[in-house]
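One letter stands for each residue in the lines below.
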Amino acid sequence: MNLEQKIMTDLKAAMLAKDEAGLRSLRAIKAAIIVAKTAEGAKGEISEDDEVKLLQKLVKSRKDSLEIFQQQNRPELAKKEEEEIAVIEKFLPKQMSADEVKAVLSIIITEVGASSPADMGKVMGAATKQLAGKADGKTISSLVKELLSKS
């Protein structure tokens, strides 16, 4: 069962349960899938990797909004974003912990031969490919900076 089918099934269940947060989130995912499928060059289908990227993009935008709402002391809007993040993350693969990411990054750093913060670009290129869907870019970036500044 692909992502779109899962979304439709969950959307029907959310409608029956009158789950407002679920409906809002699932409709956003469905809309993003439709946009991706109808984009130029998509040929009416999206790959599993693209589905994961799409979901990560949706989560990232909501996390950014959540941060802004918290800074502006808007708890009602922040709560909506938190609810949507929770629903969207159900469809993402399990995220790696910071320790797991650090272990993988240490290996990548030695493979690439990075020795200083100036080599961050090399490490980030390899790390984002290898950790795609398993960790978000912000986490990877901060851990790479931390590891390279130690060496």
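An account of the accompanying structure is given in this report. Just so it is clear, the structure is predicted and the values come from calculations on it, not from any experiment.

## Some points on the overall build of the chain
Line of reasoning, step 1. Scanning the chain from N- to C-terminus turns up seven helices and zero strands.
Line of reasoning, step 2. In the chain, the succession of α and β elements from N to C terminus is α-α-α-α-α-α-α.
Line of reasoning, step 3. Considering only C-alpha atoms, the chain reaches an extent of 55 × 45 × 25 Å along its principal axes.
Line of reasoning, step 4. Split into buried and exposed, the 151 residues of the chain put 34% on the buried side.
Line of reasoning, step 5. Taking the contacts inside the chain whose residues are at least 6 apart along the sequence as the reference set, 60% of them involve residues at least 24 apart.
Line of reasoning, step 6. When the accessible surface of the chain is totalled, it reaches about 9,500 Å², and 55% of it is carbon and sulfur.
Line of reasoning, step 7. Of the side-chain charges in the chain, 25 are positive and 24 negative, and the distance between the mean point of each set is 2 Å.

## Concerning the packing of helix α2 (residues 20-38) against helix α3 (residues 48-71)
Line of reasoning, step 1. Axis separation between α2 and α3 bottoms out at 10 Å; the angle between their running directions is 130°. Classed by the angle they form, the pair α2 and α3 counts as oblique. Once α2 is placed against α3, the crossing between them reads as right-handed. Along its contact with α2, which presents A28, I29, A32, I33 and A36, the element α3 presents L54, L55, L58 and R62.
Line of reasoning, step 2. Grouping the constituent residues of the contact of α2 with α3 by class yields eight nonpolar, no polar and one charged.

## A look at helix α5 (residues 98-112)
In an α-helix, one turn spans 3.6 residues, which is why side chains three or four residues apart end up on the same side.
Line of reasoning, step 1. Relative to the 21 Å expected for 15 residues at 1.5 Å per residue, α5 spans 20 Å between its end C-alpha atoms, a close match to the ideal helical length.
Line of reasoning, step 2. Within the sequence span of α5, burial applies to V101, V104, L105, I108 and I109. One side of α5 carries all its buried residues, which in axial view fall inside an arc of 145°. Along α5, exposed side chains directed more than 90 degrees from the buried face belong to D99 and T110.

## Brief notes about the side chain of R62
Line of reasoning, step 1. Within the element layout of this structure, R62 appears in helix α3.
Line of reasoning, step 2. Given a relative accessible area of 12%, R62 falls into the buried group.

## Examining α3
Line of reasoning, step 1. For α3, which comprises 24 residues, the first-to-last C-alpha distance of 35 Å matches the rise-based estimate of 34 Å (1.5 Å per residue) to within 8%.
Line of reasoning, step 2. The complete set of buried residues in α3 reads E51, V52, L54, L55, L58, V59, R62, L66 and F69.
Line of reasoning, step 3. Buried residues in α3 make contact with α1 (3-17), α2 and α4 (75-89).
Line of reasoning, step 4. Within two residues after α3, N73 carries a phi angle of roughly 55°, on the positive side.

## Let's talk about the pattern of salt bridges
Line of reasoning, step 1. All chains considered together, the criterion is met by 12 salt bridges.
Line of reasoning, step 2. One salt bridge connects K60 with D64, and the closest N-O pair in it is separated by 3.1 Å. Pair noted here: K60 and D64 are both in helix α3, with a separation of four residues, about one helical turn.
Line of reasoning, step 3. Since its relative accessible area comes to 29%, D64 is described here as partly exposed.
Line of reasoning, step 4. Salt bridges sharing common partners tie together E20, R24, R62, K79, E83 and E84.

What counts, and where the lines are drawn
Residues numbered from 1 in each chain as written. Predicted model: local features only at pLDDT ≥ 70, side-chain atom pairs only at ≥ 80, totals over all residues. Heavy atoms only, no water. Helix = DSSP H or I, 4+ residues; strand = E, 2+ residues; numbered from the N terminus. Buried < 20%, exposed > 50% of the residue type's maximum accessible area, 1.4 Å probe, protein only. Contact = heavy atoms within 4.5 Å. Areas by Shrake-Rupley, 256 points an atom, 1.4 Å probe, with all protein chains shown as cover. Lys, Arg positive; Asp, Glu negative; His and termini not counted. Charge placed at Lys NZ, Arg CZ, Asp CG, Glu CD. Axes fitted to C-alpha atoms, helices over the stretch in contact; angles between N-to-C directions. Parallel < 35°, antiparallel > 145°, perpendicular 65-115°, else oblique. Left-handed = near helix turned anticlockwise from the far one by under 90°. Nonpolar A, V, L, I, M, F, W, Y, C, P; charged D, E, K, R; others polar. Expected span 1.5 Å × (residues − 1). Arc of directions from axis to C-beta. Salt bridge = Lys/Arg side-chain N within 4 Å of Asp/Glu carboxyl O.

Function cannot be read off these values alone, since they describe shape.
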